[in-house]
Amino acid sequence: MELPEYGEVVAKGVEWPSITFFMALFMLGFSLAWSGVMVKLAYAITKVAEVLGGGVAGVGTVVLLLSAGLSGVLDNLSLVVALAPAIKLLATILGAKKLYWFLLFGGVFGGNLTPVGSTANIVAVSILERRVRRSVSWGSWVKLAVPIAIVQCAVALAWTALIPFG
């Protein structure tokens, strides 16, 4: 049996679309940090958090609600990667690594808000429409999803407040 040449392995054996996607994703996060957008966003988050009493709890609440709201209409992974530099800055200033958890919870639970908020939602709507032969409207989805997402975010806020992790 003859072994394939190195060039053939690189050309055919590597999942180039996935690698290209992740390269672009991390370029997005880096370019937002490099351009100063994330510093401005971090500043805006602290200003809004002052209304909630400031500190780690206020900033964390703003981060969770911001990421949850945006995650309903943007891709979860791209959103978390894009916001990570701002959270890194805030976590360094406040000395609270738990801010990453607020971002993660908001990004994940906010994806449940709309039919396109997460890949699982898209698959669920597709299966439902195929089997029932009825379309799922945004309004009907949101009417069911918003109360559930609110409870999920409230539990996440309570969890992060009660559990003393980093």
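See the structure shown above.
Peer 1: Before we move on, can you summarise a nonpolar patch on the surface with the specific residues and values?
Peer 2: A contiguous nonpolar patch, built from Leu70, Val73, Leu74, Val116, Ile122 and Trp138 and spanning about 530 Å² of accessible area, is present on the exposed surface. Tracing the chain through its elements places Leu70 in helix 4 (residues 55-71). Take Leu70: its relative accessible area is 31%, and that puts it in the partly exposed class.

Peer 1: Break down the packing of aromatic side chains for me, with residues and values.
Peer 2: Scanning the entire structure with this criterion turns up three aromatic pairs. Centre to centre, the rings of Phe21 and Phe22 are 5.2 Å apart; their planes meet at 75°, and the pair counts as edge-to-face. A residue is classified by how much of its surface remains accessible, and Phe22, at 39% relative accessible area, is partly exposed. Taking 5.8 Å as the distance between ring centres and 40° as the angle between the ring planes, the aromatic pair formed by Trp101 and Phe105 counts as tilted.

Peer 1: Describe the side chain of Thr160, listing the residues and the values that go with them.
Peer 2: Structurally, Thr160 is set in helix 8 (residues 138-162). The buried category is assigned to Thr160, whose relative accessible area is 0%. Polar contacts involving the side chain of Thr160 include one to the main-chain carbonyl oxygen of Leu157, which spans 3.0 Å.

Peer 1: Pulling in residues and values, what's your account of the packing of helix 6 (residues 99-110) against helix 8?
Peer 2: One can describe the packing of helix 6 onto helix 8 by two numbers: an axis separation of 10 Å at closest approach and a directional angle of 165°. As summarised for this structure, helix 6 and helix 8 are arranged roughly antiparallel, according to the angle between their axes. Two packed elements cross with a definite hand, and for helix 6 against helix 8 that hand is right-handed. Between helix 6 and helix 8, the residues in contact are Trp101, Phe102, Phe105 and Phe109 and Ala149, Gln152, Cys153, Ala156, Leu157, Trp159 and Thr160, respectively. Its residues assigned to classes, the contact of helix 6 with helix 8 shows nine nonpolar, two polar and no charged.

Peer 1: Pulling in residues and values, what's your account of the environment of Thr46?
Peer 2: Among the secondary structure elements, Thr46 is positioned in helix 3 (residues 37-51). Along the primary structure Thr46 and Leu90 are separated by 44 residues, whereas in three dimensions their C-alpha atoms are 8.5 Å apart. With sequence-adjacent residues up to four places away left out, Thr46 is seen in contact with Val59 and Leu90. A polar contact of 2.6 Å, which involves the side chain of Thr46, links it to the backbone oxygen of Tyr43.

Peer 1: Describe the nonpolar core, naming the residues involved and giving the relevant values.
Peer 2: Of all hydrophobic cores here, the largest spans 21 residues; its most connected members are Ile45, Val59, Val63, Leu64, Ile87, Leu90 and Leu99. Elements with a contribution of two residues or more to this core: helix 3, helix 4, helix 5 (76-94), helix 6 and helix 8. Top element by residues in this core is helix 5. It accounts for six residues. For Ile45, the residues in contact, after removing those within four places along its chain, are Val59, Val62, Val63, Leu66 and Leu90.

Peer 1: Describe the pattern of salt bridges, naming the residues involved and giving the relevant values.
Peer 2: Under the definition given, this model contains one salt bridge. In this structure, Glu50 and Lys47 form a salt bridge, with 3.5 Å as the shortest nitrogen-oxygen distance. Taken together, the residues span about one helical turn, with Glu50 and Lys47 both in helix 3 at a distance of three residues.

Peer 1: A description of helix 4 should follow, citing residues and the corresponding values.
Peer 2: Over its 17 residues, helix 4 runs 24 Å from end to end, which matches the ideal 24 Å to within 8%, given 1.5 Å per residue. By the burial criterion, the buried members of helix 4 are Gly58, Val59, Gly60, Thr61, Val62, Val63, Leu64, Ser67, Ala68 and Ser71. On its buried face, helix 4 sits against helix 3, helix 5, helix 6 and helix 8.

The rules behind the values
Residues numbered from 1 in each chain as written. Predicted model: local features only at pLDDT ≥ 70, side-chain atom pairs only at ≥ 80, totals over all residues. Heavy atoms only, no water. Patch = residues over 30% accessible without salt bridge, like charges linked within 9 Å, V, L, I, M, F, W, Y side chains within 5 Å. Areas by Shrake-Rupley, 256 points an atom, 1.4 Å probe, with all protein chains shown as cover. Salt bridge = Lys/Arg side-chain N within 4 Å of Asp/Glu carboxyl O. Helix = DSSP H or I, 4+ residues; strand = E, 2+ residues; numbered from the N terminus. Buried < 20%, exposed > 50% of the residue type's maximum accessible area, 1.4 Å probe, protein only. Phe/Tyr/Trp six-rings, centres within 6.5 Å; stacked < 30°, edge-to-face > 60°. Polar contact = N/O pair within 3.5 Å; in protein donor to acceptor, adjacent residues only side chain to side chain. Axes fitted to C-alpha atoms, helices over the stretch in contact; angles between N-to-C directions. Parallel < 35°, antiparallel > 145°, perpendicular 65-115°, else oblique. Left-handed = near helix turned anticlockwise from the far one by under 90°. Contact = heavy atoms within 4.5 Å. Nonpolar A, V, L, I, M, F, W, Y, C, P; charged D, E, K, R; others polar. Core = buried A, V, L, I, M, F, W, Y, C linked by side-chain atoms within 4.5 Å. Expected span 1.5 Å × (residues − 1).

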